[in-house]
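Okay, here's what each chain looks like letter by letter:
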Amino acid sequence: MRIISTFILSLSLLLAAPAYSAWQLDSKNSSLTFVSIKKGTVAESHSFKEFTGVINNSGLVNVTIDLSSVDTNIAIRDQRMAEFLFETTTFAQASFSAQLNLADINAITIGSSQQMSLTGSLNLHGHQQELTLNVMVAKLSANNMLVSTLKPAIIKAEDFALVAGINKLKSLANLPSIAYAVPVSFVLTFTQ
């Protein structure tokens, strides 16, 4: 009986181990921002307040953004972006997924960092595009890692069927122009 109990305990520990090795995104200590340009020269910084993510024990990265949490510091603009640009009643979330080589992550020593190129898939507004990100990965402690963009990723409205939404925003705000491409940057904290 003792052998069976020991076997069951060992088996349950083995099955539970992957959950302990996953890296969870700490959104409270992370940021995801983008810059819009209107009237040709007026740049404004925006962010998303709600996003989640995980790097599982196989190195699969998955980050999900609640598009209705867009924060432009102007309530009516937030509402209009959610309704007319992102169309959150139909497309509530955007997501990015990629495969990491965990050996590369594990090779980073505590207190040091490593530049990496990460190619994955961005799913936004019902469209999927491959996206390559140049990031810096810093190991802050055995259980704390920071991943940040070295260069902003440029997201083009035409790649995700967002041009009509931008045109609608332009019309509602009576603006001569809003850029059809935005730079996106992030600083993501993961804990294990």
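Above this note sits the structure.
In this text the structure is predicted, and so the values were computed from the model without any measurement. All residue numbers refer to positions counted from 1 along the written sequence of the respective chain. Reporting of local features is limited, given that this is a predicted model, to residues whose pLDDT is at least 70; pairs of side-chain atoms are given and counted only at 80 or more, and all residues count toward the totals for whole chains, interfaces and linings. Here the side-chain values reflect all heavy atoms present in the structure, with hydrogen atoms and water set aside.

Draft legend 1. Spotlight on the packing of helix α2 (residues 75-85) against helix α4 (residues 163-172). Axis lines are fitted to C-alpha atoms, over the contacting stretch for helices. Their N-to-C directions set the angle, which ranges from 0 to 180 degrees. By definition, any uninterrupted DSSP run of H or I lasting at least four residues is a helix, any uninterrupted run of E lasting at least two residues is a strand, and each is numbered from the N terminus. In the contact formed by α2 and α4, the axes pass within 9 Å of each other and the chain directions differ by 140°. Judged by the inter-axis angle, α2 sits oblique to α4. Judged by the twist between their axes, the crossing of α2 over α4 is right-handed. Packed against α2, whose contacting residues are R80, M81, F84 and L85, the element α4 presents G165, I166, K168, L169 and L172 at the interface. Just so you know the grouping, Ala, Val, Leu, Ile, Met, Phe, Trp, Tyr, Cys and Pro go in nonpolar, Asp, Glu, Lys and Arg go in charged, and all remaining residues, Gly too, go in polar. Split by residue class, the contact of α2 with α4 holds six nonpolar, one polar and two charged. Should an angle fall under 35 degrees it is taken as roughly parallel, and over 145 as roughly antiparallel, whereas 65 to 115 is taken as roughly perpendicular and any remaining angle as oblique. Rotating anticlockwise by less than a right angle from the far helix to the near helix defines a left-handed crossing, while the corresponding clockwise rotation defines a right-handed one. It only takes one pair of heavy atoms within 4.5 Å for two residues to be counted as in contact.

Draft legend 2. Fine view of the environment of K49. Here K49 lies in the loop between β3 (42-48) and β4 (51-55). Classification of residues uses two cut-offs on accessible area relative to the type maximum, computed with a 1.4 Å probe and protein chains only: under 20% is buried, over 50% is exposed, and between them is partly exposed. For K49, a relative accessible area of 51% puts it in the exposed group. A C-alpha to C-alpha distance of 6.5 Å links K49 and V70, two positions 21 residues apart in sequence.

Draft legend 3. Broad picture of the packing of aromatic side chains. Side-chain rings of Phe, Tyr and Trp (the six-membered ring for Trp) are treated as a pair once their centres are within 6.5 Å; stacked means planes under 30 degrees apart, edge-to-face means over 60, and tilted covers the remaining angles. Going through the model one piece at a time under the given rule, you end up with two aromatic pairs. Three or more aromatic residues joined by ring pairs form one cluster here, namely F34, F48 and F86. For a lysine, the NZ atom is tested; for an arginine, the CZ atom; a charge sits over a ring if that atom is within 6 Å of the ring centre and within 35 degrees of the ring normal. Sitting over the face of the ring of F84, K168 holds its NZ or CZ atom 5.2 Å from the ring centroid.

Draft legend 4. A look at the pairing of strand β10 (residues 144-149). A pair of strands is considered paired only if DSSP assigns at least 2 bridges between the two. Direction of pairing for strand β9 (residues 127-141) relative to β10: antiparallel, over a ladder of six bridges. Paired with V135 across the two strands is T149, which belongs to β10. Here β9 folds back onto β10, and the loop between the two strands holds two residues. Direction of pairing for β10 relative to strand β12 (residues 181-191): antiparallel, over a ladder of five bridges. When the bridges of β12 are listed, S148 appears paired with V187.

Draft legend 5. Examining the pattern of salt bridges more closely. For salt bridges, the criterion is a side-chain nitrogen of Lys or Arg within 4 Å of an Asp or Glu carboxyl oxygen. Taken as a whole and judged by the stated rule, the model has two salt bridges. The salt bridge involving K38 is made with E44; its shortest N-O contact spans 3.5 Å. Judged by relative accessible area, which is 18%, E44 ranks as buried. Within the structure, one salt-bridge network assembled from shared partners comprises K38, E44 and R77.

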